[in-house]
Amino acid sequence: MVAVAARTPLIAGNWKMNLDHLQAVALVQKLDWTLKDAGHESGSVEVAVFPPFTDLRSVQTLLDADKIAFALGAQDLSTHDSGAYTGEVSGAFLKKLGATYVIIGHSERREYHDETDDVIAAKVQAALKHGLVPVICVGETLEQLEEFGASAVPVGQLKAALQDVPADADIVVAYEPVWAIGTGKVATPEQAQDVCAALRAVIADELGAEAAERTRILYGGSVKSGNIATYMREPDVDGALVGGASLLADEFAAIIRYQKHVGV
Ligand code: 13P
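Since this is a predicted model, take the numbers as computed values, not measurements. (Residues numbered from 1 in each chain as written. Predicted model: local features only at pLDDT ≥ 70, side-chain atom pairs only at ≥ 80, totals over all residues. Heavy atoms only, no water.)

Take the overall build of the protein next. For the protein, the helix and strand inventory stands at 12 helices and 8 strands. The C-alpha radius of gyration computed for the protein amounts to 17 Å, which stays within 12% of the reference 18 Å derived for 264 residues, consistent with globular compactness. In terms of principal-axis extent, the alpha carbons of the protein reach across some 50 × 45 × 40 Å. Residues counted as buried form 50% of the 264 residues belonging to the protein. A sequence separation of at least 24 residues applies to 75% of the contacts in the protein between residues at least 6 apart. Accessible area for the protein stands at about 11,700 Å²; split by element, carbon and sulfur atoms hold 53% of it. Across the protein, 21 positive and 36 negative side-chain charges occur, with their mean positions spaced 6 Å apart. (Helix = DSSP H or I, 4+ residues; strand = E, 2+ residues; numbered from the N terminus. Rg over C-alpha atoms; globule rule 2.2 N^0.38 Å. Buried < 20%, exposed > 50% of the residue type's maximum accessible area, 1.4 Å probe, protein only. Contact = heavy atoms within 4.5 Å. Areas by Shrake-Rupley, 256 points an atom, 1.4 Å probe, with all protein chains shown as cover. Lys, Arg positive; Asp, Glu negative; His and termini not counted. Charge placed at Lys NZ, Arg CZ, Asp CG, Glu CD.)

Quick look at the structure:
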């Protein structure tokens, strides 16, 4: 067994299609001030924000200018590098803008843009090719939960996404039960732990034990400051992918500071 340093928790804000570039800058500034005011020590938790494409340049400029230690991510990318693909955004462009991460396979893209497991696997390859860390989202709908239980669908989705991924690839996995997204319904910490453990077993099978040990697995779905700590206590939950609550500086700061206000 290879000794691996403990996984750094990752708290990621997926803004979805919210905030123009001016509102984006205002939110990042407020979040930074709120954390500094609270005496938050950056480093214990990694913070990442995922604005819409049109905000990335402005947010990146602010992070650089004010030396704010948030990582930047995009919400999607093209499977192609460049060319006649109207409306698409290449991983190469995102990398050049300073993005570290890119969300791939979010349930909203699977549902509203018909993204299949094959498209998602191709996007994972595109991200890795351009030096971006894919945040691979998996999760079951309520119907799938009732029919197959919680793990089967996310496990199948992750296996498909990891086709041809090398063992040393840097990836993040996010378990987001579709029925918990934006609904106020949440998986219990035990449910989240069970599925995240099953996903870690998939990583071990597909990429090996070292990759499984080092890869961060996030929970997402109605995460708030009031419930984050219950998830972070679980051994296979390494962070959160936060939607609605990441649009509010005070609330997202409180989520980031989960260790302080609940003593995890
Ligand atoms: P909510 O936190 O709004 O439920 O959204 C979760 C999500 O989809 C993050 O990607």
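From this point, things continue past the structure.
This part takes up the layout of surface pockets. What the largest pocket holds in volume is close to 440 Å³. Residue lining of the largest pocket: 18 residues in total, with F53, Q75, D76, R109 and H113 positioned closest to the centre. In terms of residue class, the lining of the largest pocket is built from 7 nonpolar, 6 polar and 5 charged. Here the second largest pocket is characterised by a volume of approximately 220 Å³. Listed by contribution, the elements that provide at least two residues to the lining of the second largest pocket are helix 1 (21-37) and strand 2 (46-50). When its residues are assigned to classes, the lining of the second largest pocket shows 6 nonpolar, 3 polar and 4 charged. (1 Å grid on protein atoms, 1.4 Å probe; cavity = no way out; pocket = protein on both sides within 12 Å on 5 of 7 lines; lining within 4 Å. Points joined across faces, edges and corners; volume = space filled by probe spheres on them. Nonpolar A, V, L, I, M, F, W, Y, C, P; charged D, E, K, R; others polar.)

With that settled, the discussion passes to the site of the ligand. Within the structure, the ligand sits among 13 residues, and K16, H106, G182, S222 and G244 are positioned closest to it. Here G243 contributes a backbone N or O atom positioned 2.9 Å from an oxygen atom of the ligand. In the environment of the ligand, an oxygen atom lies 2.8 Å from a nitrogen or oxygen atom belonging to the backbone of G244. For the ligand, whose accessible area on its own is 310 Å², the fraction buried by protein is 95%. Of the residues in the shell around the ligand, the class split is 4 nonpolar, 7 polar and 2 charged. (Near = heavy atom within 4 Å. Polar contact = N/O pair within 3.5 Å; in protein donor to acceptor, adjacent residues only side chain to side chain.)

Burial along strand 8 (residues 239-242) is two-sided: the face carrying G239 and L241 and the face carrying A240 and V242 are both buried. In the sheet, strand 1 (residues 10-14) pairs with strand 8 via 4 bridges, with the strands oriented parallel. Among the inter-strand pairings, A12 is bridged to a residue of strand 8, identified as L241. When strand 7 (residues 216-220) meets strand 8, the two strands line up parallel, connected through 2 bridges. Looking across to strand 8, one finds that G220 is bridged to L241. (Pairing = 2+ DSSP bridges.)

Next up on the list: the packing of helix 1 against helix 2 (residues 53-65). Where helix 1 contacts helix 2, the axes come no closer than 9 Å and their chain directions differ by 35°. The crossing of helix 1 and helix 2 is right-handed. For the pair helix 1 and helix 2, the contacting residues are H21, A24, V25, V28 and Q29 in the first and T54, D55, S58, V59, L62 and L63 in the second. Split by residue class, the contact of helix 1 with helix 2 holds 6 nonpolar, 4 polar and 1 charged. (Axes fitted to C-alpha atoms, helices over the stretch in contact; angles between N-to-C directions. Left-handed = near helix turned anticlockwise from the far one by under 90°.)

Pairs can form between side chains of opposite charge whenever their charged atoms are close. Enumeration over the complete set of coordinates arrives at 14 salt bridges. A salt bridge links D76 to R109, with the shortest nitrogen-to-oxygen separation between them at 3.2 Å. Of this pair, D76 sits in the loop between strand 3 (70-74) and helix 3 (91-96) while R109 sits in helix 4 (residues 107-112), and the two are 33 residues apart along the sequence. The exposure class of D76 is buried, given its relative accessible area of 10%. Here D238 ties to R200 by a salt bridge, and the two come within 2.7 Å at their closest N and O atoms. Highlighted residues: D238 in the loop between helix 10 (228-232) and strand 8 and R200 in helix 8 (residues 189-207), separated in sequence by 38 residues. Taken together, the shared-partner salt bridges connect R7, R200, E213, D236 and D238 into one network. (Salt bridge = Lys/Arg side-chain N within 4 Å of Asp/Glu carboxyl O.)

Let's shift gears to the confidence of the model for the protein. With 97% of its residues at a pLDDT of at least 70, the protein reaches an overall mean of 95. When mean pLDDT is taken per element in the protein, strand 4 (residues 101-104) scores highest with 99 and helix 12 (residues 258-262) scores lowest with 77. (pLDDT = per-residue confidence, 0-100.)

Further remarks concern the side chain of Q157. Its place among the elements puts Q157 in helix 7 (residues 152-161). For Q157, a relative accessible area of 11% translates into the label buried. Residues within four places of Q157 in sequence aside, it is in contact with R110, D117, V138 and G139.

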